[in-house]
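Spelled out, the chains give:
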Amino acid sequence: MKKVYTVLIGIFIFLQVNAQSTAKTSDDDGARIVITSLVPDGLGGLTPTAQKALKVRLDRIITGSGVGGSSPDNRFVMAAKIVELTKDISTTTPKIYTYTLEVTLIIGDAIEGTKFSSLSFEQRGAGNSETKAYISAIRGIKSKSSKYTDFITEGKSKITDYYNSKCGLYLKEAETFAAQDDFQAAIAKLTSIPQVCEECYNKAVAAIGPIYQKQIDKQCKIDISAAKSAWSANQDETGAKNASSSLVNIDPNSSCYGDAEILLSEIAKRIQDLDQREWDFKLKQQQDDIDIQKQTINAARDIGVAYAENQPDVSYNVAFIGY
């Protein structure tokens, strides 16, 4: 167990050093701040087809600006408000509809309903129906443009300010989740803090260490129990395969890894006694320190993202969009 904690301490020292080096690189900031697109149903009177076209545009702007990605905390969004400025209908057959739209992009906190930054510009589109004209205008919105620079920069700055101002609250909520044995929720809360928020991020990764250990210990006990039940039910090749499906998930740094090794030895001996052949199965093995560091970083983030994805849909406050 002492070895496990020594490894984990090393992992999270590595995380802190890595955070300090990467967070200072401005080109990497966008990868740390994650923004998702938001096009609520029914807003602005857009048809479902126009809504879909708008979401595609927003996704491309987000990706092109380097702020795309997945996060356990998808509260920060880019939305759009569309106002019809002019509408012209030709006298030709078929009729051609031409619209001039004012498009306003908004970055904000969709939980608290707070606007962080906005950008407005005009967009024209034409088509032989109102819907096609609208979609033409929306599809004309560029995914990359220098006009987005200040808008995105301001939004990212406000998001960074949010995390810095709420850091104590995030750490306290994670501590509360951990005290309730909800280690996944605690990890999700901590891993949602981006690296660009250097001071808060360092506090978060320091807190993750013992919580992550408790999570893998908890999961190990669940997997061991499932494996033992499967093996007790059928002490043959079928039972061995069923038990192995649980044993394969056990983290080599978990406290009950030794129990998994004992059970595996028992299974292997039984299979050998039954038909004189070896049971070809291996538990996860502990890798060198660098591999452990990478695996643990990814594992913690995966836990956070998976937890968030399995939660009920968030009820967004869309007042900041202005519809």
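Scroll up to find the structure.
Residues numbered from 1 in each chain as written. Predicted model: local features only at pLDDT ≥ 70, side-chain atom pairs only at ≥ 80, totals over all residues. Heavy atoms only, no water.

### Remarks on unusual backbone geometry
- Cis geometry marks the peptide bond from T93 to P94, where omega comes out at 0 degrees.
- Its place among the elements puts P94 in the loop between β2 (76-89) and β3 (97-109).
- Even without a glycine there, the phi angle at D181 is positive, about 65 degrees. (Helix = DSSP H or I, 4+ residues; strand = E, 2+ residues; numbered from the N terminus.)

### Some words on the packing of helix α7 (residues 198-233) against helix α9 (residues 257-275)
- At a closest axis distance of 10 Å, the pairing of α7 and α9 adopts a crossing angle of 15 degrees. Relative to α9, the element α7 lies roughly parallel. Note that α7 runs across α9; the crossing there is left-handed. Counted together, C220, I224, A227, K228 and W231 of α7 and Y257, D259, A260, L263, E266, I267 and R270 of α9 form the full contact between these two elements.
- Looking at the contact of α7 with α9, its residues break down into eight nonpolar, no polar and four charged. (Axes fitted to C-alpha atoms, helices over the stretch in contact; angles between N-to-C directions. Parallel < 35°, antiparallel > 145°, perpendicular 65-115°, else oblique. Left-handed = near helix turned anticlockwise from the far one by under 90°. Contact = heavy atoms within 4.5 Å. Nonpolar A, V, L, I, M, F, W, Y, C, P; charged D, E, K, R; others polar.)

### Some points on the pattern of salt bridges
- Counting across every chain of the model gives eleven salt bridges.
- Taking the shortest distance from any N to any O, the salt bridge between K158 and E154 comes out at 3.5 Å. Of this pair, K158 and E154 both sit in helix α5 (residues 149-179), four residues apart, which is roughly one turn of the helix.
- Where K241 meets E237, a salt bridge forms, and the shortest distance between an N and an O atom there is 3.7 Å. One end of the pair, K241, and the other, E237, are both in helix α8 (residues 237-247), four residues apart, so they sit about a helical turn from each other. (Salt bridge = Lys/Arg side-chain N within 4 Å of Asp/Glu carboxyl O.)

### Observations regarding the environment of A308
- Relative to the helices and strands, A308 is located in helix α10 (residues 289-309).
- A relative accessible area of 23% means that A308 is categorised as partly exposed.
- Residues A308 and S192 lie 116 residues apart in sequence; the distance between their C-alpha atoms is 9.9 Å. (Buried < 20%, exposed > 50% of the residue type's maximum accessible area, 1.4 Å probe, protein only.)

### Description of the packing of α7 against α8
- Remark: α7 packs on α8, axes separated minimally by 8 Å, with the N-to-C direction vectors making an angle of 180 degrees. With respect to α8, the axis of α7 lies roughly antiparallel. Contact with α7, carried on its side by D223, I224, A226, A227, A230 and W231, involves G239, A240, N242, A243, S246 and L247 of α8 and no other residues of that element.
- Looking at the contact of α7 with α8 residue by residue, the classes come out as eight nonpolar, three polar and one charged.

### Considerations on the sheet that holds β2
- Taking strand neighbours across the sheet as the criterion, the four strands line up as β1-β2-β3-β4 in an open arrangement whose pairing is mixed. Bordering the open sheet on either side are β1 (36-37) and β4 (114-127), each of which pairs with just one other strand.
- Where helix α3 (residues 48-64) meets the sheet, it contacts β1, β2 and β3, and its direction lies at approximately 130 degrees from that of β2. (Pairing = 2+ DSSP bridges.)

### Examining α3
- Taking 1.5 Å as the rise per residue, α3 with 17 residues should run 24 Å; its terminal C-alpha atoms sit 24 Å apart, in good agreement.
- For α3, every residue scored as buried is listed here: A50, Q51, A53, L54, R57, L58, I61 and I62.
- Buried positions along α3 lie against β1, β2, β3 and α4 (130-139).
- G66, located one to two residues past α3, shows a positive phi value of around 75 degrees. (Expected span 1.5 Å × (residues − 1).)

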